[in-house]
Amino acid sequence: MGQAAWLSKLLRKIRWEMDTFSWSQLIIVLASFTAFLIVPLGLVVVRSFYSSSGGFSFYWLQTILTDPFYFPLRLKLLNQFPFISLEGIRGSLYEVVKYQTAAGEETIVLLTGWDMGVIPNSLVVATFTTLFSTVLGFTLAFVFAKYRFPGSEVLRIVSLIPLLSTPFVGAIGLKKMIVADGVLNVLFYDMLHLLPFKIEITGLPAVILVQTLLFYPIVMLNSYTALISVDPTLEEQAINMGASGFRLFRTVTLPLATPGVEAGALLVFILSLEDLGTPIVFKGTTAEKVLTFQIFNRIFTPAGLISQEATTLAMILLVISGLVFVGVRRYVSLKKYAMLSKGGTWRPRRRKLSPAITLLVYIFILGVLFFATLPHIGVALLAFAKQWGPTLLPSSFTLDNFAAVLSDEEASRCIMNSLIYSTIATLFMIVLGVSAAYLVSRKKSLPGIEALDLLVTIPIAVPGIAVATGLFLTYLGTPLSPTISGAPLLIASYTVRKIPFTVRAVFSGLEQTDKTLDEVAWTVGASRTRTFFSIVMPMILLNVLAGGMLSFIYSMSEVSTGIVVGDANHRDAPMTWKMYDMLFHGLAGGTFQPAALGFLLMTLQFIFIVGANLLLRKRATALIGV
Amino acid sequence: MVSIRTVNLTKVFGEVVAVDHVSLEIKHGEFFTLLGPSGCGKTTFLRTIAGLELADEGSIYFDDQDITDMPAHLRGTGMVFQNYALWPHMNVFDNIAYGLKIRKVPKEEIRRRVKEVLKLVKLEGMENRTPHQLSGGQQQRVALARALVINPRVLLFDEPLSNLDAKLRIEMRAELRRLQRELGITAIYVTHDQEEAMSISDRIAVMNKGRIMQVGTPKEIYKNPRNEFVARFIGQGTFIPGEVVSSGEELEVRLESGKVVKAVPSHPDVRLEVGDKTLIMIRPESFTLEPGKRYNEFEVEVYHISFLGDSQMLQASNEVENFIIEVDPDLDINVGQKLKVYAPPRHTLAVKL
């Protein structure tokens, strides 16, 4: 076929599939994402290769990669075995500190972790968080999916609790637990005498701990869905052929569940890499030495411009998460396990356990749940605490923290700001998300439509601080500048970053409504536009609502852009910035008032997530997973 | 009421040619059926006529109007889908009235026309039911009413009865035909069920792998199959391969057993020359147990008998070939019995391979 014929055929196809309405849907989605995601991220990349005079240069990349602060690791060749050594690692895993108290000598083991420089630290933290989350999440999922024991359904739901808060809030709560005179030491050292010494977890290990406790449910959800979707006859077949026990697990169950586990692990890796909230809470320790914090810390030059150093760091962060995303996506999609996509209509095989094993399972699950709920219990207790010294519980409780927060003019303005921005962003997300999901679901035959799907899903893998940097680079000094008003960029950032939740919910709704329902409307004379509004929209309304609720609540709890914009313009700052501001610049109240704000956010998050899941009932598992 | 014409209509999905240069003419008010095995492209053809798929090549005409690139909603077709496709968020009235509201028909008239059409499909008084309160048969009637109420130029049926149970299917079949005849609307019907196709259609197009194998009345297709596919797909028969040894008005065909039989070409268009490979087909009811003048004679042994009430079907063989023979239900025949059966040359059809 000639090129001209091919082109005219393509044009005819496009003219056929796309009417004015579809074009407007496509254009608003592409325009918004171009303006507020593609161009900003492009600028991050381009600007990081600018020299100070404006030309192309590797200066900043080279400066950063040779700066021992960012990348101290050097390989050194040796004359003897093992012939090679890695140098530049500072610190040690732990330090032992002894000091005198009235009661005598006390020993504290400080878990500080090694410092390998900012870039390796980020990767190491993400790697360990992913590893721990995966082991924890998969084990839990396996136990819940494969064994029957009383209360398993309740315990399974309780173990999803960490999904209800962001690392930023969770970290505030957990910090109170793991410091030297924190709750865990009070409990296990002072009261129960189970520990021979006090343990303080700080710096990077603390970041890993917080992230693991908050992110394992993501792996768990994905693994659980994958495990119960495996056709039990496949396992039965293997048993028939003589496989059992660990061999069955290794050769059949695990490979079939792998894509689900990998998807969860991938998301955790990227969420860990882009988490800014936790390092901020542990400010003042080695937790500062990760990419997100460093970008945040030096984004503005003293002249109020965006620093090249931060831009280049954002580029590095972006490239790392991009590579991880692309690599794992390709690897996962290479293996197609058709039975996974269908979901289970069968009854999963569940084994009953002997009483002794059941007891062990309970001990394991309750142990995990004890630690997993600590951050949330911590926030709640701090929020209601009047005084809280080195004791198990606050010495007295009060509502004053909430009263203080709500009567603080700036704090209540920030709460209002967050509510307004998130509401407006949610409206945008619904319009854009429904448009994108509709095009992707209903115009599958159109060439290039997969790219649109990727465009509206990928923000989940883009670090927020990189988006924030890009938005500043693009819009500082324009009418949308955050120095004029914080609203436009915050709304834009929420919209592009949190839209995947709406898109996913709406898309799953569209996939569940038969396309013939649209088609029959066309045959009786309804145009595509009319069909969209009178047939399609009413049928997916619940999905739109649930997706919108999730997008709204994840906008409320957004940290990266919020804090950066808030720093540039206090008047238009959102709630998360106020928490940060109170945590470090607050005059009174210490962590109690930020915890009160965090508790409000957590409560809101709880209501919305549970609400959205109730709306969608069983379909919900797909919403939070990748 | 329109006539429909397609010229070289072609639709390709990736590597698969679903509809392959199909040229058909469907007359005013005709009930036309596309019959073929699943995956033969019949539904794709129908969807292309409805405007739900864009043809890759060729054209479609309603009367003399080229509608190949016209969007579905402007074509004025009424379509009934296999899964009924009733909108779950609307009751029966709203489902049916939807097309009228789009046409801005006055409210009073909408009410009247919906009532009329509900009477036509025998669902009076069901206006306020929601789709999930209806049985399969009732849902199908609502879907039909929704297609009829807009006075479509063409009625399109995509296996509309395949989700109904056998008894209801036969009732609805007659119902559909009655309605179509009364309203005089040109109809295209898609099915894989040959009995359904035979009983309902004015003409049938047999399709296989995207191509039209034969177009004709049910009788023509049964009595004069044009090729092996149609011969084997429609009805039952005894099939014996052979080679033409003498041609002319009447053929002589040597079977693999060496026996020579007299036969006629299966279809007036079929030309067979000496030396051509052919397939002899004899319908079960063409066999007799009485020898006739110049009849072909076969000696067979019965190995299975199906008693069907109005007839009995014998399955028999002569060690080389298998036979299906219909005999009088009163005849006393046992498995293992040897029989001589006869077939007149005019019912011994030579199918072109």
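These numbers were taken from a predicted model, which means no experiment stands behind them.

Cut-offs and rules
- Residues numbered from 1 in each chain as written.
- Chains lettered and ligands numbered in written order.
- Predicted model: local features only at pLDDT ≥ 70, side-chain atom pairs only at ≥ 80, totals over all residues.
- Helix = DSSP H or I, 4+ residues; strand = E, 2+ residues; numbered from the N terminus.
- Rg over C-alpha atoms; globule rule 2.2 N^0.38 Å.
- Buried ≥ 20, exposed ≤ 12 C-beta atoms within 10 Å, placed from the backbone.
- Contact = placed C-beta atoms within 7 Å.
- Pairing = 2+ DSSP bridges.
- Axes fitted to C-alpha atoms, helices over the stretch in contact; angles between N-to-C directions.
- Parallel < 35°, antiparallel > 145°, perpendicular 65-115°, else oblique.
- Left-handed = near helix turned anticlockwise from the far one by under 90°.
- Nonpolar A, V, L, I, M, F, W, Y, C, P; charged D, E, K, R; others polar.
- Expected span 1.5 Å × (residues − 1).
- Domains from an automatic or database assignment.
- Core = buried A, V, L, I, M, F, W, Y, C linked by C-beta atoms within 7 Å.
- Right-handed = clockwise from strand over helix to strand, strands pointing away.
- pLDDT = per-residue confidence, 0-100.

Some details on the overall build of chain A
For chain A, the helix and strand inventory stands at 26 helices and nine strands. Computed over C-alpha atoms, the radius of gyration of chain A comes to 26 Å, within 12% of the 25 Å expected from 2.2 N^0.38 for 626 residues, which places it in the range of a compact globule. Based on the C-alpha atoms only, the size of chain A along its principal axes is roughly 90 × 70 × 65 Å. The buried share of chain A, reckoned over its 626 residues, is 47%.

Considering the overall build of chain B
Scanning chain B from N- to C-terminus turns up eight helices and 19 strands. Across chain B, the fraction of contacts at a sequence separation of at least 24, relative to all contacts at a separation of at least 6, is 66%.

A short note on the sheet that holds strand S6 (residues 198-201) of chain A
Residues and elements named next belong to chain A. Here we have three strands laid out as an open sheet, ordered S3-S4-S6, and mixed in their pairing. Of all strands in the sheet, those with a lone pairing partner are strand S3 (94-101) and S6, marking the two edges. For this sheet, the mean inter-axis angle between neighbouring strands, taken without regard to orientation, is 25 degrees. One ladder, built from eight bridges, connects S3 with strand S4 (residues 104-111); its direction is antiparallel. Looking across to S4, one finds that Gln100 is bridged to Glu105.

Describing the packing of helix H17 (residues 409-442) of chain A against helix H20 (residues 487-512) of chain A
Residue and element names in this part refer to chain A. Two numbers describe how H17 lies on H20: the axes approach to 6 Å, and their chain directions differ by 40 degrees. Between H17 and H20, the interaxial angle falls into the category oblique. Remark: the crossing between H17 and H20 carries right-handed chirality. When grouped by side-chain class, the residues that make up the contact of H17 with H20 number 21 nonpolar, five polar and two charged.

Quick word on the interface of chain A and chain B
When the parts come together, some accessible area is lost, and that loss is often what is quoted as the size of the interface. Contact residues are listed per partner, giving 18 residues for chain A and 21 residues for chain B. Looking at which element gives the most residues to the side of chain A that touches chain B, the answer is helix H21 (residues 515-523) of chain A, with seven residues. Here the side of chain A that touches chain B is composed, by residue class, of ten nonpolar, four polar and four charged.

Things to note about the packing of helix H22 (residues 528-556) of chain A against helix H25 (residues 592-616) of chain A
Residue and element names in this part refer to chain A. Close contact between H22 and H25 brings their axes to 9 Å; oriented N to C, the two are set at 165 degrees. When the axis of H22 is compared with that of H25, the two are roughly antiparallel. Both H22 and H25 take part in a crossing whose hand is left-handed. Together, Leu542, Asn543, Leu545, Ala546, Met549, Leu550, Phe552, Ile553 and Met556 of H22 and Leu601, Leu604, Gln605, Phe608, Ile609, Gly611, Ala612, Leu615 and Leu616 of H25 make up the contact between the two elements. Residues of the contact of H22 with H25, tallied by class, amount to 15 nonpolar, three polar and no charged.

A closer look at helix H6 (residues 167-178) of chain A
Residue and element names in this part refer to chain A. For H6, spanning twelve residues, the distance from its first C-alpha to its last is 15 Å, which sits close to the expected 16 Å at 1.5 Å a residue. Of all twelve residues that make up H6, twelve are buried, and the element is covered over most of its length. Among the residues of H6, those classed as buried are Pro167, Phe168, Val169, Gly170, Ala171, Ile172, Gly173, Leu174, Lys175, Lys176, Met177 and Ile178.

Comments concerning helix H7 (residues 183-191) of chain A
Buried within H7(A) are the following residues: Val183(A), Leu184(A), Asn185(A) and Tyr189(A). If you follow the buried residues of H7(A), they end up packed against H6 and S6 of chain A.

A few points about the domain arrangement of chain B
For chain B, the assigned domains read domain 1 (4-223) and domain 2 (236-352). A separation of 39 Å is found between the C-alpha centroids of domain 1 of chain B and domain 2 of chain B.

Details of the nonpolar core
Membership of the largest hydrophobic core comes to 264 residues, with the highest contact counts inside it found for Ala314(A), Leu317(A) and Ala145(B). Per-element tally for this core: the top contributor is helix H8 (residues 203-229) of chain A, with 18 residues. Once residues within four sequence positions are removed from consideration, Ala145(B) is found in contact with Ile96(B), Val117(B), Leu118(B), Val121(B) and Leu123(B).

Digging into the pairing of strand S7 (residues 154-158) of chain B
All names here are of chain B. Where burial is concerned, most of S7 is hidden: five out of the five residues are buried. The side-chain alternation of S7 yields two buried faces, one formed by Val154, Leu156 and Asp158 and the other by Leu155 and Phe157. Here strand S6 (residues 77-80) pairs with S7 via four bridges, running parallel. Within S7, the residue paired with Met79 across the bridge is Leu156. Inspection of the sheet shows S7 paired to strand S8 (residues 186-191) by five bridges, in the parallel sense. For Phe157, the partnering residue across the bridge sits in S8 and is Tyr189. Chirality of the crossover, the property in question, places the unit of S7, helix H5 (residues 166-183) and S8 among those that are right-handed.

Examining the environment of Phe287(B)
Residue and element names in this part refer to chain B. Looking at the secondary structure, you find Phe287 in the loop between strand S14 (277-282) and strand S15 (296-307). C-alpha of Phe287 to C-alpha of Glu109: the two residues are 178 residues apart in sequence and 60 Å apart in space. Contacts of Phe287, omitting those with residues within four sequence positions, involve Ile282, Ile325, Glu326, Val341, Tyr342 and Ala343.

Things to note about the domain arrangement of chain A
Residue and element names in this part refer to chain A. Along its sequence, chain A is organised into domain 1 (10-47 + 403-624) and domain 2 (87-391). The C-alpha-based centres of domain 1 and domain 2 are spaced at 26 Å. In this assembly, 36 residues from domain 1 lie in contact with 37 residues from domain 2. At the level of secondary structure, the elements contributing two or more residues to the side of domain 1 that touches domain 2 comprise helix H2 (20-47), helix H19 (464-475), helix H23 (560-568), helix H24 (575-585), H25 and helix H26 (621-624).

Observations regarding the confidence of the model for chain B
Here chain B averages 93 in pLDDT, while 100% of its residues score no lower than 70. Reported confidences for the modelled complex are a pTM of 0.86 and an ipTM of 0.89.

Section: unusual backbone geometry
All names here are of chain B. Even without glycine at this site, Ala85 takes up a positive phi of about 55 degrees. Residue Ala85 is classed as buried on the basis of its 23 C-beta neighbours within 10 Å. We note that Asn151 has phi near 50 degrees; this positive angle belongs to a residue other than glycine. Residue placement: Asn151 occurs in the loop between helix H4 (136-148) and S7.

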